[in-house]
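Each chain is listed here by its residues.
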Amino acid sequence: MILLLSFTLNAQSNLAYKTSAIQLGIVPGLSTNGIDPGEYYNLISINVFTGYGRSTKYFELNGLGGFNTHSSSGIHISGISNFIGGNGQVGKTDNEKEKTEGIAYTPELHGFQLSGLINYVGYNTIGSQISLGFNSTKNYLLGVQMGGILNSVGSFTSGAQFALGVNLTKKSMSGTQASLLFNSSGGRHSGFQLSTINHTGEIGNPKGTAEGTGTSMQLGLINICGNMGGFQVGLINIGDRVGGTQIGLFNFFKNEKVGNFSDGPAYGLLNFGYFIHPKIYMSDLFLSNFGINTGKPLNSRVSDAKRNFYSYNELVYSRNYGTNNGMIWGLSYRAGIISYHKDIGPENRKNYYSISGEVGHVNPNLETDNILNLRYAIHFETGFRLPPRLNSIYPFIGVSFNYMPIYYGNFIEVSKSSTNESRLWPGLSIGVMLY
């Protein structure tokens, strides 16, 4: 029967390997290719349980699993697993083993793998791997991996990795990684990462926007990057040398110190890595305001710039004492841009100007309650540096335009709207900032 079912086309005169148009089998050794299936290049291979051969060119279907020792192409479908690559000496004669000794063994997939649990390629994948469990390519991937638990590439990836669990690329990545838990690319990532936690060695180019670096992004709860010249958007963003833009609740960064480029801003509740400036001031609403100012330089590496620009963020706690204006304490957040006059020598940063937006809560009692009383404001501020012995102190004065949908205080007399309780009024603040 085996002889009748065999579709062997030819056998090369000087090699042990043969070509079979169609292999039909139950398990290895019980098939139309006889007891030595590793000798065959199969154009089509269909197996009830497991299939085994040197290579498959067009199509392979296995009830449980399929294994090809050398490079294969086409479509490979198995209930549990697909393997390409393994013992590269399987099926070879002694003379052939001697000839190939020391030669690199590089089994590749040029095609598509679909399985219930595992897809594995022993070297390069040019195509796709789709599994409910694990996809693995030992060297590089040019294509797509879609896995339920894990996608892994041992070198670089050009394409996409999608997983419910984890995506890993050991070296550089050009394309998209998207998962529920974790993405990692060890080298430079040019493209997009989306996950709970994202990690990469570098995104974009940390030398700044002059290099055209705003094309790569990390989007997740926690984003971690070495050199960063693109975008990080998340609750916590961490960058080693950051020339791009961070948008998050907390941003941690180091500034790239070399080059002559502009840097992107950091927008967040607090930004750590360059400065922390305390502020103390009086305003039209509160007798005392205590602010913590953090920020990031935007053009400190631009050698011919006449001013240094910074993006800054400020948390402010405000308090009145013994007053009856309906505003006892407040907590607010400010974000804006500050510009320092840039000079040479110890008198650098002689003065500054800033513009910022503010949103905050004011409380009419000492105790907190469940009512959110919001105040919105736009601030314009200017300050100057004291002489060298006090050069860390900047007295400042600021004006603001304030708005409250519901105004609880009577400290500032303003006209009342005929339709609601909202208030719009100008404000003033005077204080000092410590640099």
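The rules we used
Residues numbered from 1 in each chain as written. Predicted model: local features only at pLDDT ≥ 70, side-chain atom pairs only at ≥ 80, totals over all residues. Heavy atoms only, no water. Helix = DSSP H or I, 4+ residues; strand = E, 2+ residues; numbered from the N terminus. Buried < 20%, exposed > 50% of the residue type's maximum accessible area, 1.4 Å probe, protein only. Contact = heavy atoms within 4.5 Å. Areas by Shrake-Rupley, 256 points an atom, 1.4 Å probe, with all protein chains shown as cover. 1 Å grid on protein atoms, 1.4 Å probe; cavity = no way out; pocket = protein on both sides within 12 Å on 5 of 7 lines; lining within 4 Å. Points joined across faces, edges and corners; volume = space filled by probe spheres on them. Nonpolar A, V, L, I, M, F, W, Y, C, P; charged D, E, K, R; others polar. pLDDT = per-residue confidence, 0-100. Polar contact = N/O pair within 3.5 Å; in protein donor to acceptor, adjacent residues only side chain to side chain.

Trainee: Can you walk me through the overall build of the chain in this structure?
Mentor: Along its length, the chain carries two helices and 31 strands. Within the chain, the fraction of its 435 residues that count as buried is 46%. Taking the intrachain contacts of the chain between residues at least 6 apart in sequence as the baseline, contacts between residues at least 24 apart amount to 35%. For the chain, the computed accessible surface area is about 20300 Å², with 66% contributed by carbon and sulfur atoms.

Trainee: Sorry if this is basic, but what is going on with empty space enclosed by the protein here?
Mentor: Under the counting rule described, the total for this entry stands at two cavities of 30 Å³ or more. By volume, the largest cavity amounts to about 130 Å³. Considering the residues around the largest cavity, the lining is formed by 16 residues, among which Tyr281, Ser283, Glu358, Arg375 and His379 are closest to the centre. Elements supplying a minimum of two residues to the lining of the largest cavity: β24 (275-283), β26 (307-319), β29 (374-384), β30 (393-404) and β31 (423-434). For the second largest cavity, the calculated volume is near 40 Å³. Every residue along the wall of the second largest cavity is listed here: Phe286, Ser318, Gly330, Leu331, Ser332, Gly360, His361, Val362 and Arg375. Looking at the lining of the second largest cavity, the elements with two or more residues in it are β27 (329-341) and β28 (351-363). Of the residues assigned to the lining of the second largest cavity, the class counts are three nonpolar, five polar and one charged.

Trainee: Could you clarify how one ought to interpret the confidence of the model for the chain in this entry?
Mentor: Any region with low pLDDT has predicted coordinates that should not be read closely. Across the chain, the average pLDDT comes to 82, with 80% of residues at 70 or higher. Scored below 50 in pLDDT, residues 208-214 shows 15 contacts in the model against residues more than four places distant or in partner chains. A low-confidence stretch, residues 410-419 stays under pLDDT 50, and its non-local contacts, those more than four residues away or across chains, total 17 contacts.

Trainee: Sorry if this is basic, but what is going on with the side chain of Thr56 here?
Mentor: Counting through the fold element by element, Thr56 comes out in strand β6 (residues 55-62). For Thr56, a relative accessible area of 0% puts it in the buried group. Within the structure, the side chain of Thr56 is placed 3.3 Å from the side chain of Glu60, a separation counted as a polar contact.

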